[in-house]
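Reading the structure
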Amino acid sequence: MTEQLSTQKAINTALREILADDAKSLVFGEDVGKLGGVFRVTDGLQTEFGAHRVIDTPLAESGILGMAAGLAMAGHRPIPEVQFDGFAYPAMNQIISQIARTNYRSRGATPMQMVLRIPSYGGIRAPELHGESIEATLAHVPGLKVVSPSNPHQAYHLLRRAHEMPDPVMFMEPKSRYWNRGDVDFENPGDLEGSLVAREGEDLTIIAWGAMVARSLEVAELAAEDDVSIEVVDARWLKPLDEDGLVASVAKTGRAVIVHEAPRTAGLGAEIGQLLTERLWGKLEAPVERVTGYDVPTPAGDLEDEYIPSIDRILFGVQRSLEY
Amino acid sequence: MPVPPSSAAQPAQLWPPQNGVTVDVETLRGLAERMLVTRVLDTEAVRWQRQGILPAFPPAIGQEAAQVGSAMALDRARDMAFITYRDHGVVVGLDSDLTDYMGSHLALWNGGFADPNKVRHSPLQAVVGATALHAMGWAYAQKLDGTGGAAIAYFGDGASSQGDVHEAMNFAAVSKSPVVFFVQNNGWSLSTPLDLQVAGGSVAARASGYSMPSMRIDGDDVGEVYAATQIALEHAREHGPVVIEAFTYRRGPHATSDDPSRYRSLEEERALGPDPIDVARQLVADEAWWAEAEQRAEQAVDAVRVQMQSPRTIDGNDMFDYVFQEKTPQLVKQQEQWREETDLD
Ligand SMILES: Cc1ncc(C[n+]2csc(CCOP(=O)(O)OP(=O)(O)O)c2C)c(N)n1
Ligand SMILES: [Mg+2]
């Protein structure tokens, strides 16, 4: 069955099915119950599954994640939420020092099977710390897995997949895309491992994730008018990165532009660039290009468009690569 | 807006119990025996550190009653303890394998070798205060699952300043989760004295702010600790969280690397009350039994020493194998490279 859903509704549907199928699952965070979350992603779940499984927690992020750790130790499969990306910072003590290493510390005896949902990235003119792109920070931590869906179909299936995985998964939802609709094919998830070619092309590969995938697809559309054939790869899994998939695409096109909203220095663009250089040394037609946020605090809404890679900036990146 | 009446319920008065405390002789002997093992382990471990067997060690000397007394009040079929680096007495009190436990202090493996679900205590926690949140989450799970189990979170007066402890107390109180917050107020947080850590000197006083009952007890009287913890656990199972503040004293250094003379005087150390081991000895009041128990404790710890010295090696592969349940391809590659580059034969 295929249905047109928004990403927000697709995640809501996945959560509803998980709660129905898995008695050990529970959803909790700030305002996720009665209100259904500030983005309504958890809408209706508390009514359906009760306040003991869909919990409005006190306003304390370290507490939310520490509670998740304790629940996982007891064999539950929690799906906590932090309300906004920037409020994962107060929870970093529990995420980095506890959740990421409890499996290790206990020699596999107490796995941390959980999915942390993080409404992520900018693009909605939100106040400070409501538009952070923290994927590199999370990917750097041994013990965590990181995934970021780009559309409703991916959001639905990747969340269901993440919930089945026995390791802690950081699930980064592109909040600016919550309301964009797309087909969700419930029966046919497609391959959920690794990256995904979102559009095929011959001349250059753009590697992106989250909200930058849709924007890169627009860029590819515009470039096609000038007879430039761009392949867009949706990285999806940021940890582990799909090395073979990313390399295969760039091996074909010879050129790569990596697009991310996060600041450039020590961002995942650097990691992917290193991967491509290592694996494709001598085969690249141009240096790997990065189009990213700048090394500045994510600016207030008025400057957001200057900070987040725009279509024009991505096109400049494409041009630099093609003209090298 | 007019000030609304406070709806904070007057927390239950749990301590002292109306009918006093009686702990039977058999139980007292069980407690005393494990306190002796803990004391001998601590004394020996400091020696092992001097001999280079252990890289460092944080002795629990003086806190045996607090640790053993509370741990033995747990129901091992359904309860769980969340411990820190200085809680060997809890490990002994739960009859958890000491060699497995010492794997942590031996620097063989972060957290030692025990399976928490079997030994009923967490791996030792290095981040002070984090135990409180894990205990709360674990306790919430017991409520959901209807096991009747309760969690006990161990932490110190210093750790009580951590936000995690406050978040845990608040969450536990709001959700009425079955958890006992067991504070060992030993007067010191490394070199920082209690008065710089806790205004008013009592962590238990904070409990009323979370509408939960608290018990301030003599942490050096093992009978009192045992009885109080039992009461707290029963209350927690039925009604929700309790704070126990066990007043005790860290008689040794913070750790073998520490030099307490830089921050506290010998006079202060000498002005202490009776040693909890002596208190237990008086409670047991059977010198013949006591002498035998001392011997058994020596033997038990000697067996640990022997096991620790029969070289237990750690396989470097473990470093890679336990990061995830499902290893990433990157980690597989790093492991292969590590093998190739370190396999020098
Ligand atoms: C979050 C954190 N900060 C700092 C330390 C370093 N540290 C280890 S023990 C300790 C003192 C803890 O005092 P207390 O909580 O009273 O426990 P005690 O050592 O007295 O048993 C400090 C500062 C730590 N382990 N964790
Ligand atoms: Mg202390």
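Residues numbered from 1 in each chain as written. Chains lettered and ligands numbered in written order. Predicted model: local features only at pLDDT ≥ 70, side-chain atom pairs only at ≥ 80, totals over all residues. Heavy atoms only, no water.

Examining the layout of surface pockets
As a volume, the largest pocket reaches approximately 960 Å³. Taken together, 35 residues form the lining of the largest pocket, with Ala139, Lys239 and Glu271 of chain A together with Gln330 and Gln334 of chain B sitting closest to its centre. Elements supplying a minimum of two residues to the lining of the largest pocket: α6 (135-139), β12 (237-239) and α10 (268-279) of chain A together with α12 (317-321) and α13 (329-342) of chain B. Of the residues forming the lining of the largest pocket, the biggest block, 7 residues, is contributed by α10 of chain A. When its residues are assigned to classes, the lining of the largest pocket shows 19 nonpolar, 9 polar and 7 charged. Looking at the second largest pocket, its volume works out to about 420 Å³. Around the second largest pocket, the lining is made up of 18 residues, and of these Ser104, Asn110, Gly111, Leu124 and Ala126 of chain B lie nearest the centre. When the residues that make up the lining of the second largest pocket are grouped by side-chain class, the tally is 11 nonpolar, 5 polar and 2 charged. (1 Å grid on protein atoms, 1.4 Å probe; cavity = no way out; pocket = protein on both sides within 12 Å on 5 of 7 lines; lining within 4 Å. Points joined across faces, edges and corners; volume = space filled by probe spheres on them. Helix = DSSP H or I, 4+ residues; strand = E, 2+ residues; numbered from the N terminus. Nonpolar A, V, L, I, M, F, W, Y, C, P; charged D, E, K, R; others polar.)

Looking at the packing of helix α3 (residues 61-73) of chain A against helix α7 (residues 163-175) of chain B
Direction vectors running N to C along α3 of chain A and α7 of chain B enclose 70 degrees, while the axes themselves pass 9 Å from each other. It follows that α3 of chain A is roughly perpendicular to α7 of chain B by the angle criterion. Two secondary-structure elements touch here, α3 of chain A through Glu61, Ser62, Gly63, Ile64 and Met67 of chain A and α7 of chain B through Asp164, Glu167 and Phe171 of chain B. (Axes fitted to C-alpha atoms, helices over the stretch in contact; angles between N-to-C directions. Parallel < 35°, antiparallel > 145°, perpendicular 65-115°, else oblique. Contact = heavy atoms within 4.5 Å.)

Quick word on the domain arrangement of chain A
Residue and element names in this part refer to chain A. Segmenting chain A into domains produces domain 1 (2-185) and domain 2 (196-322). With centres defined by C-alpha atoms, the gap from domain 1 to domain 2 works out at 26 Å. Each partner contributes to the interface: domain 1 provides 29 residues, whereas domain 2 provides 23 residues. Summed over the three residues of domain 1 that lose the most area to domain 2, namely Arg125, Glu135 and Ser150, the buried surface amounts to 24% of that side. Linking domain 1 to domain 2 there are 2 salt bridges. Arginine 125 is the partner of aspartate 305 in a salt bridge, and the nearest nitrogen-oxygen pair spans 2.8 Å. Where the side of domain 1 that touches domain 2 is concerned, the elements lending two or more residues are α6, β6 (145-147), α7 (152-164) and β7 (169-174). Residues belonging to the side of domain 1 that touches domain 2 are distributed by class as follows: 15 nonpolar, 9 polar and 5 charged. (Domains from an automatic or database assignment. Buried area = accessible area lost by both parts, 1.4 Å probe. Salt bridge = Lys/Arg side-chain N within 4 Å of Asp/Glu carboxyl O.)

Here we look at empty space enclosed by the protein
Taken as a whole, this structure holds 2 cavities of 30 Å³ or more when the rule is applied. A volume near 120 Å³ is recorded for the largest cavity. What lines the largest cavity is a set of 16 residues, among which Met73 and Thr102 of chain A together with Phe82, Ser122 and Pro123 of chain B lie closest to the centre. Secondary structure elements with two or more residues in the lining of the largest cavity: α5 (102-105) of chain A together with β1 (80-82), α5 (116-119) and α6 (130-145) of chain B. Grouping the amino acids of the lining of the largest cavity by side-chain chemistry returns 7 nonpolar, 8 polar and 1 charged. Here the second largest cavity is characterised by a volume of approximately 50 Å³. Its residues assigned to classes, the lining of the second largest cavity comprises 4 nonpolar, 4 polar and 1 charged.

Describing the pairing of strand β2 (residues 151-156) of chain B
All names here are of chain B. A large share of β2 lies buried, amounting to 5 of its 6 residues. Pairing of β1 with β2 involves 3 bridges; the strand directions are parallel. Bridged to methionine 80 within β2 is alanine 151. One ladder, built from 6 bridges, connects β2 with strand β3 (residues 179-185); its direction is parallel. Looking at the pairing, alanine 153 lines up with phenylalanine 181 of β3. After leaving β2, the chain enters α7 and then returns to the sheet as β3, a path that is right-handed. (Buried < 20%, exposed > 50% of the residue type's maximum accessible area, 1.4 Å probe, protein only. Pairing = 2+ DSSP bridges. Right-handed = clockwise from strand over helix to strand, strands pointing away.)

A closer look at the UniProt feature "domain: Dehydrogenase E1 component" (unreviewed entry) in chain B
UniProt records the feature "domain: Dehydrogenase E1 component" (unreviewed entry) at residues 33-299 of chain B, using the numbering of this structure. End-to-end, the C-alpha atoms of residues 33-299 of chain B are 12 Å apart, and along that stretch the chain is 45% helix and 12% strand. (UniProt positions renumbered as here; feature names shortened; annotations may be inferred.)

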